[in-house]
Every structure is written in structure tokens, then in C-alpha cells.
Amino acid sequence: AMTSGRGQSSLYAAETHQASSDRFKLELELARALDNGELRVFYQPIIELSTRDVSGFEALIRWHHPTRGLIPPMDFIPIAEESGLIVPIGQWVLREAAAQAMRWLEMEEHGRGLTMAVNLSIVQLRDPGLLGNVLEVLTKTGLDPHSLHLEITESMVIHDFETALDTLHALHALGVQLSVDDFGTGYAALGYLRTMPVQTLKIDKSFIDPLVGHDPRSLSIVEAIVSLARALDLDVIAEGVESVEQMVELQRIGTHLCQGYLFSRPLPAEEIPSWLREFRL
Ligand code: C2E
Ligand code: CA
Ligand code: CA
Ligand code: CA
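The rules behind the values
- Residues numbered from 1 in each chain as written.
- Chains lettered and ligands numbered in written order.
- Predicted model: local features only at pLDDT ≥ 70, side-chain atom pairs only at ≥ 80, totals over all residues.
- Heavy atoms only, no water.
- Donors = N, O, S within 2.8 Å, 3.2 Å for Na, K, Ca; no water.
- Helix = DSSP H or I, 4+ residues; strand = E, 2+ residues; numbered from the N terminus.
- Buried < 20%, exposed > 50% of the residue type's maximum accessible area, 1.4 Å probe, protein only.
- Near = heavy atom within 4 Å.
- Polar contact = N/O pair within 3.5 Å; in protein donor to acceptor, adjacent residues only side chain to side chain.
- Areas by Shrake-Rupley, 256 points an atom, 1.4 Å probe, with all protein chains shown as cover.
- Nonpolar A, V, L, I, M, F, W, Y, C, P; charged D, E, K, R; others polar.

As recorded in an unreviewed UniProt entry, the protein chain goes by Diguanylate cyclase (GGDEF)-like protein/PAS domain S-box-containing protein and comes from Cryobacterium roopkundense.

As C-alpha cells, this is what we get:
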């Protein structure tokens, strides 16, 4: 038993070593990815059901690795966070997305009021330079702060309540809009909604999925979120809408803003104009 135990543990150590050196390699490659032009921002439209218009976009990062191919954000955002690379990468995403929003705003057909949502990492929220970075991007691009939506998750809010609160109030004072991403999945008490200057709740896909087949409990949860939002004068966006059945249900409940593959996958900026021309709801 002793020998096999030792054998197993050294095998485990070898595997761990392999994993950590892979990770280290990926971290080095990620550090160069930005300069090498391997990172891209894709945009997913957010649809206003009642007017059948595009209300805005969410910016989502993509990494086209030269040999490994497309690496999903879930596989490299954690590495970017642990290494601190998320700060320059996040700043780059913000600048790209704001500049892109300005280009679309200047194209008359898509008109006024278009919003651009950008995901914030907890590491960025803790970064004392965040406010200055946001301000710099707004100044350099000329984007109206009200058009910029920063998405934070409930867990970010719970873990660092005091710091988060100060930073969020400062961002809000600039006119930037704040959204709670993955709402309902963070095991958070709702008390933070009293003090946090948030304007939008994004209902997590896990509550939207079971609306197919009219799952009554999920329906009740979505209805409760919508009525909570209404009482607090917040907007609601349903995430991960994939079917007409879900869309109809959401419209009936009163969720007018929807995002999901039903309307469009995240697309590179250059594909958005043709998507817009073809989009009919
Ligand atoms: P998220 O912010 O919750 O983004 C929504 C995710 O759901 C995106 O995955 C999007 O492509 C996907 N999605 C949208 N509609 C549908 C649908 O109808 N069905 C399905 N199955 N999926 C849908 P993506 O792009 O892989 O991003 C995953 C996560 O990575 C994001 O989740 C966000 O947490 C993080 N992320 C992405 N870009 C950034 C970024 O620039 N900065 C930071 N900090 N995090 C990012
Ligand atoms: Ca998001
Ligand atoms: Ca989300
Ligand atoms: Ca998520």
C-alpha cells in the first residue's frame, strides 16, 4: 500500500508539475498576445423586444492563439486575473469597445442611444488605476459615459464590499452605468441593491434555459426578478435567449431586453453592419 501510495503521489506531482508549467507557458503567451494582435473583441447585440431595435452590444474578448486556435475566455481570463495581466487586457478591451461604440454611433442608421457593455474583473475593480483608466478612455474616444455599461458580478460585490462601493460610486458619478452580471447566481443577499448604484440586472442564462417547456419554478424566479427590478426602477436583460419560445415567455413577463444566440452570437465588429441590415424580429 505504501509503495502504491508513493507511486500515486509522485504521479500526481508530475501531473501537477505538467499542469503548472503549461499554465506558465500560457501566461507567457498571453503576455505577448496583446502586442501580437492575437486578442480580438467580439460584440453581441442586446435586443429591445418592444421596439424590435438593437439597444446595444456586449463586448466579449477572444484569443486566437497561433497554434492552439481559439481559446475561450473561461480558459484564459482566470490566468489573466492571477497574473495581473487582466489590468492591461481589460483596459485594452475598454478602449477597443468604446472606440467601436463611437464608430457605430457615428453611423446614422443605428442612431442614438446605443450602449456598450464591458465586463469588469474583480482584479480591475480593486485596481486603484481603474477610475483614471475609464476616464481616459471616455475622454480619448468622446463616448458619452451614459453609453458605457460596466458589468460586475454579485460575488465581486460581496468579497470587497467597502472598496467596491467606493469605486462603483465614483464610476456612477462619472455617469457610467453599472450592471449586475449573472444575477441570481452569486448567493448574495439582496441588501447590496440598496446601496450599490446599479442600473441593470442581467438574468443569468441558467434561469432562462428552463423557460423552454414552461418550467413553473424558473418562470416564478424570472417573474420575481422582473418585479424586483421594476420596484427598484432597474432595467433587466435576459441572457442566453436561444429560442422563440423563451423570447415569447420573456416578453409576456415584461423582460424587454434580451441577449442570446436567437438574435446573434458574438460577432467581430466588421460583421455587425451586415447583421444589422438583415436583422428582423
Ligand atoms: P458573461 O459576461 O456572462 O458573457 C456571456 C457569455 O454567454 C458569453 O460567453 C457569450 O458568448 C455567451 N452567450 C451569449 N448568448 C448565449 C446563448 O444564447 N447561448 C449560450 N450557450 N451562450 C451564450 P463568452 O464570450 O465565452 O464569455 C464567457 C465569460 O468570459 C463571460 O461571461 C465573462 O465572464 C468572461 N469575459 C468575456 N470577455 C471578457 C472581458 O473582456 N473581460 C472580462 N473580465 N471577462 C470577460
Ligand atoms: Ca457579461
Ligand atoms: Ca452573464
Ligand atoms: Ca458568466
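Alright, that's what it looks like, and here's the rest.
Another point: the coordination of the calcium ion (ligand 2). At the metal site, the calcium ion (ligand 2) is ligated by Glu-58 (OE), Asn-119 (OD1), Glu-151 (OE) and Asp-181 (OD), and these contacts range over 2.1 to 2.4 Å. Donor residues for the calcium ion (ligand 2) sit on one chain with the sequence pattern E-x60-N-x31-E-x29-D. The distance between the calcium ion (ligand 2) and the calcium ion (ligand 3) comes to 4.0 Å, and Asp-181 binds to both of them. With Asn-119 in strand S4 (residues 115-119) and Glu-151 in strand S5 (residues 148-153), the pair connects residues that are 32 residues apart, well separated along the chain. Residue Glu-151 is classed as buried on the basis of its relative accessible area of 2%.

This part is about unusual backbone geometry. Non-glycine residue Arg-52 carries a positive phi angle of around 60 degrees. Phi at His-214 takes a positive value of approximately 55 degrees, unusual for a residue other than glycine. Note that His-214 resides in the loop between helix H9 (205-208) and helix H10 (216-231).

What follows covers the site of ligand 1. Neighbouring ligand 1 are 21 residues, the closest being Arg-62, Asn-119, Asp-181, Glu-242 and Tyr-261. At 3.3 Å from an oxygen atom of ligand 1 is found a side-chain nitrogen or oxygen belonging to Glu-58. Here Asp-182 contributes a side-chain N or O atom positioned 3.3 Å from an oxygen atom of ligand 1. Protein burial of ligand 1: of its 790 Å² of free accessible surface, 81% is covered by the chains. Contributing elements (two or more residues each) for the shell around ligand 1: strand S2 (53-65), helix H2 (73-83) and strand S6 (177-183). Broken down by element, the residue count for the shell around ligand 1 peaks at four residues, all from S2. Taken together, the residues that form the shell around ligand 1 break down as nine nonpolar, five polar and seven charged.

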